[in-house]
Amino acid sequence: MANNTNSLYLIGLKDFATQTVLTGGLIQLGDVYRRYCRKNSCGTRVFDNTNTGVTLNWDGIYHITATLVGTGTEAGDVTVQLFDNGVPITGAVSTQTITTPDTEFRTFVIDYFVLADNSCVLGVNSTVARTITLENTGVGATFTSVVLNIEKEA
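Here the structure is a predicted model, which is why all the values come from computation and not from measurement.

Enquirer: How should I be thinking about a nonpolar patch on the surface in this particular structure?
Expert: On the surface, a cluster of nonpolar side chains totalling about 280 Å² of accessible area is made up of Ile 61, Phe 113 and Leu 115. Positionally, Leu 115 belongs in strand β9 (residues 106-116).

Enquirer: Looking at this model, I keep getting lost on the sheet that holds strand β8 (residues 87-98). Mind explaining?
Expert: Strand pairing in a sheet relies on backbone hydrogen bonds. The paired strands run either parallel or antiparallel. Spatial strand order, β4-β5-β12-β7-β8: five strands in an open sheet with antiparallel pairing. With one partner strand each, in any of the chains shown, β4 (47-49) and β8 form the two edges of the open sheet. Adjacent strand axes in the sheet meet at a mean angle of 20°, parallel and antiparallel pairs treated alike. Judged from the five bridges that link them, strand β7 (residues 76-84) and strand β12 (residues 130-136) form a sheet pairing that is antiparallel.

Enquirer: Can you walk me through unusual backbone geometry in this structure?
Expert: Most peptide bonds take the trans configuration, and most residues that are not glycine carry a negative phi. One non-glycine residue, Asn 85, lies in positive phi territory at about 55°. Residue position: Asn 85 is located in the loop between β7 and β8. The class of Asn 85 is partly exposed, set by a relative accessible area of 43%. Phi is positive for Asp 102, which is not a glycine, with a value near 65°. Its location among the elements puts Asp 102 in the loop between β8 and β9.

Enquirer: Would you mind going over the nonpolar core with me for this structure?
Expert: One recurring pattern in soluble globular proteins is that nonpolar side chains are buried together. If you look at the biggest cluster of nonpolar residues, it comprises 33 residues, and the most contacted ones within it are Phe 47, Val 54, Leu 68, Leu 134, Phe 143 and Ile 150. For this core, the secondary-structure elements that each account for two or more residues are β1 (9-15), β5 (54-56), β6 (60-72), β7, β8, β9, β12 and β13 (141-152). Of the residues forming this core, the biggest block, five residues, is contributed by β13. Excluding its chain neighbours within four sequence positions, the residues that come into contact with Phe 143 are Ala 17, Thr 18, Gln 19, Val 21, Ile 27, Leu 68, Val 69, Gly 70, Val 78, Val 80 and Phe 108.

Enquirer: Would you take a moment to explain the packing of aromatic side chains for this structure?
Expert: Two aromatic rings are characterised by how far apart their centres lie and by the angle between their planes. Counted by the stated rule, this structure contains four aromatic pairs. Ring geometry for Phe 47 versus Tyr 62: centroids 6.0 Å apart, planes at 70°, classification edge-to-face. Note that Phe 47 is positioned in strand β4 and Tyr 62 in strand β6, a separation of 15 residues in sequence. For the pair formed by Phe 47 and Tyr 62, the shared burial category is buried. Through successive ring pairs, a cluster of aromatic residues spans Tyr 9, Tyr 36 and Trp 58. The aromatic ring of Tyr 62 is capped on one face by Lys 152, whose charged end is 5.9 Å from the ring centroid.

Enquirer: Please clarify how the pattern of salt bridges should be interpreted in this entry.
Expert: Any two side chains of opposite charge can pair, on the condition that their charged atoms come close. On inspection of all chains with the given rule, the structure shows three salt bridges. Residue Arg 45 is joined to Asp 48 by a salt bridge in which the shortest nitrogen-to-oxygen separation is 2.8 Å. Overall, the relative accessible area of 31% leaves Asp 48 in the partly exposed class. Across the salt bridge formed by Arg 130 and Asp 84, the nearest N and O atoms sit 2.7 Å from each other. Taken as a pair, Arg 130 in strand β12 and Asp 84 in strand β7 lie far apart in primary sequence, 46 residues in all.

Enquirer: Just checking my understanding: could you explain the confidence of the model for the protein chain for this structure?
Expert: Low pLDDT marks regions whose predicted coordinates should not be analysed in detail. Scored by pLDDT, the protein chain has a mean of 91; 91% of the residues are at 70 or more. A low-confidence stretch, residues 1-5 stays under pLDDT 50, and its non-local contacts, those more than four residues away or across chains, total 13 contacts.

Each value, and the rule that gives it
Residues numbered from 1 in each chain as written. Predicted model: local features only at pLDDT ≥ 70, side-chain atom pairs only at ≥ 80, totals over all residues. Heavy atoms only, no water. Patch = residues over 30% accessible without salt bridge, like charges linked within 9 Å, V, L, I, M, F, W, Y side chains within 5 Å. Areas by Shrake-Rupley, 256 points an atom, 1.4 Å probe, with all protein chains shown as cover. Salt bridge = Lys/Arg side-chain N within 4 Å of Asp/Glu carboxyl O. Helix = DSSP H or I, 4+ residues; strand = E, 2+ residues; numbered from the N terminus. Pairing = 2+ DSSP bridges. Axes fitted to C-alpha atoms, helices over the stretch in contact; angles between N-to-C directions. Buried < 20%, exposed > 50% of the residue type's maximum accessible area, 1.4 Å probe, protein only. Core = buried A, V, L, I, M, F, W, Y, C linked by side-chain atoms within 4.5 Å. Contact = heavy atoms within 4.5 Å. Phe/Tyr/Trp six-rings, centres within 6.5 Å; stacked < 30°, edge-to-face > 60°. Lys NZ or Arg CZ within 6 Å of the ring centre and 35° of its normal. pLDDT = per-residue confidence, 0-100.

Here it is as structure tokens:
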């Protein structure tokens, strides 16, 4: 599957609707506000997205930046973590301590690189797709702004 690595491909999603996410819940990513991608010769797009995840379909390095604004529904640590195919990514986490729930709004930022690799299945090279999600792993939280940007670097 040849692709053009000289071009920058990107997807940006945003959700400014207030959402309450309990511990262990997926954070809604919202709608696409920017997209520059194409399909390869097999018809596979660089990115596919749902309301809670973005799938990285081509091999390469992806730069992921997530910026969220939120508060706790109770006092404690609100933690946002990046997940890759349902597995938490060590180090791709942002935590803020909330002492006054529903009034103390904090900004959460995650900046991380993910590698999507090739695999050989039955003698055919293909990319192992990776689905990226954000999950609240701390106390319950209310988010008022979620922005997720992903750029394919190489």
